[in-house]
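# Remarks on the overall topology
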Amino acid sequence: MDTSRFIQMAVNEINRSFVIETKDLTPEQMLFRPTPEANHITFLVWHFSRIQDNSWHRVSTSDGADPLWIQEEWYKKFGLTEKDSGTGYTPDEVETLAPNYELLISYLERIAATVWEGVGKFSEEDYDRSLNPDDPRQTVGRQIQSIILGHGYFHLGEVRFLKGLQGKPFAR
């Protein structure tokens, strides 16, 4: 198996897992917060989607193309700004983020399809391309590994934990 196929499979698995873990939850379960400072599942899915979108467009374009969030005006559909990603959100901002499930998953799946298609066009050499001339360790492959996959699995674990706190098993 080559690198691109491996990454496609790994990214597909994480995106698919977010959908499977959330598809049977009620709106109340999606917005459950065990404490006022905690994130809810809707926030975690949206935030991962935004980070995946931003990261993918950082590594896949050399011309600085905007992420889908801006290109396709998803921010308007969510009633947010072009800059919103969830990073640095206050507890009150987390609480007010409550898009409907179909919109949330449509955005996630649109990004997943874009990443799948784009990774399929990468060569082995593309993964070693430096994203920062001052730090050659910051490569395309490292960005995909640490931000899309690592960050994604971290938040997927949080989703599963929040489901468990509500007595819901994680999908198998």
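Now for a quick tour of the structure. As the structure is a prediction and not an experimental result, all values here were calculated from the model.

## Description of the overall build of the protein chain
When its secondary structure is counted, the protein chain shows eight helices and zero strands. For the protein chain, the succession of helices and strands along the chain, N to C, is α-α-α-α-α-α-α-α. In summary, the protein chain has a C-alpha radius of gyration of 16 Å against a globular reference of 16 Å for 172 residues, a match within 12%. Along the longest, intermediate and shortest principal axes, the C-alpha atoms of the protein chain span 45 × 35 × 25 Å. Across the 172 residues in the protein chain, those meeting the buried criterion constitute 45%. Carbon and sulfur atoms make up 53% of the accessible area of the protein chain, which totals about 9,200 Å².

## Quick notes on helix H8 (residues 140-165)
If you check H8, its first and last C-alpha atoms are 36 Å apart, about what 26 residues at 1.5 Å a residue would give, namely 38 Å. Restricting attention to buried positions, one finds in H8 the residues Val-140, Gly-141, Gln-143, Ile-144, Ile-148, Leu-149, Gly-152, His-155, Leu-156, Val-159, Leu-162 and Lys-163. The elements touched by buried residues of H8 are helix H1 (3-22) and helix H3 (41-60). Remark: Gly-167 follows H8 within two positions and exhibits a positive phi of approximately 80°.

## Concerning the packing of H3 against helix H7 (residues 101-119)
The geometry of H3 relative to H7 is characterised by a closest axis approach of 10 Å and an angle of 30° between their N-to-C directions. One way to sum up the angle between H3 and H7 is to call them roughly parallel. Crossing angle aside, the handedness with which H3 passes H7 is left-handed. From H3, Thr-42, Val-45, Trp-46, Phe-48, Ser-49, Arg-50, Gln-52, Asp-53, Trp-56 and His-57 reach across to H7, where they touch Leu-104, Ile-105, Tyr-107, Leu-108, Ile-111, Thr-114, Val-115, Gly-118 and Val-119.

## Points about the packing of aromatic side chains
Scanning all chains against the criterion turns up 11 aromatic pairs. Ring centres of Phe-43 and Trp-46 lie 6.0 Å apart, and the angle between their planes is 55°; this geometry places the pair in the tilted category. Taken together, the residues span about one helical turn, with Phe-43 and Trp-46 both in helix H3 at a distance of three residues. Each member of the pair, Phe-43 as well as Trp-46, carries the same accessibility label: buried. Relative to Tyr-107, the ring of Trp-74 has its centre 5.2 Å away and its plane inclined at 45°; by these criteria the two rings are tilted. In this pair, Trp-74 sits in helix H5 (residues 74-78) while Tyr-107 sits in helix H7, placing the two residues 33 residues apart along the sequence. Like Tyr-107, Trp-74 is buried.

## Concerning the pattern of salt bridges
Enumeration over the complete set of coordinates arrives at nine salt bridges. Salt-bridge contacts for Asp-135 lead to Arg-137; the nearest nitrogen and oxygen are separated by 3.2 Å. The exposure class assigned to Asp-135 is buried, which follows from its relative accessible area of 17%. Arg-137 sits in the exposed class, given a relative accessible area of 65%. It is possible to trace a salt-bridge network through shared partners that takes in Glu-21, Arg-160 and Lys-163.

## Details of the side chain of Asp-53
Assignment of secondary structure puts Asp-53 in helix H3. Buried charge Asp-53 goes without a salt bridge, the closest partner of opposite sign being Arg-50 at 4.0 Å. When near neighbours in sequence (up to four residues on either side) are disregarded, Asp-53 contacts Pro-67, Leu-68, Trp-69, Tyr-107 and Ile-111.

## Observations regarding the environment of Ala-98
Looking at the element boundaries, Ala-98 is found in the loop between helix H6 (91-96) and H7. We classify Ala-98 as partly exposed; its relative accessible area is 45%. Taking C-alpha positions, Ala-98 is 9.5 Å from His-40, a pair spaced 58 residues apart along the chain.

Calculation rules
Within each chain, residues carry numbers counting from 1 in the order of the written sequence. Where local features are concerned, this predicted model is filtered to residues with pLDDT of at least 70; where side-chain atom pairs are given and counted, the filter is 80 or more; whole-chain, interface and lining totals use all residues. As a convention, hydrogens and water are excluded, and side-chain values are obtained from all of the structure's heavy atoms. Helix numbering and strand numbering both begin at the N terminus, where a helix is a DSSP run of H or I of at least 4 residues and a strand a DSSP run of E of at least 2. Note that the radius of gyration is over C-alpha atoms, with the globule rule given as 2.2 Å times the number of residues to the power 0.38. A simple rule labels every residue: compare its accessible area, found with a 1.4 Å probe on the protein chains alone, to the largest value its type can have, and call it buried under 20%, exposed over 50%, or partly exposed in between. In these tables, accessible area is a Shrake-Rupley quantity obtained with a 1.4 Å probe, and a residue counts as shielded only by the protein chains included in the view. Each helix should span, by expectation, one fewer than its residue count multiplied by 1.5 Å. Whether two residues touch is decided by their heavy atoms; if any such pair falls within 4.5 Å, the residues are in contact. Only the contacting stretch of a helix is used when fitting its axis, a line to C-alpha atoms as for every element, and angles between N-to-C directions run 0 to 180 degrees. Working rule for angles: under 35 degrees goes down as roughly parallel, over 145 as roughly antiparallel, 65 to 115 as roughly perpendicular, anything else as oblique. Should the near helix be turned anticlockwise from the far one by less than a right angle, the crossing is left-handed, and should it be turned clockwise, the crossing is right-handed. By convention, a stacked pair of Phe, Tyr or Trp rings (six-membered ring in the case of Trp) has centres within 6.5 Å and planes under 30 degrees apart, an edge-to-face pair has planes over 60 apart, and any other such pair is tilted. By convention in these notes, a salt bridge is any Lys or Arg side-chain nitrogen within 4 Å of a carboxyl oxygen on Asp or Glu. Positive: Lys, Arg. Negative: Asp, Glu. His and the chain ends are not part of the count.

Such coordinate-based values are descriptive only and should not be taken to indicate function.
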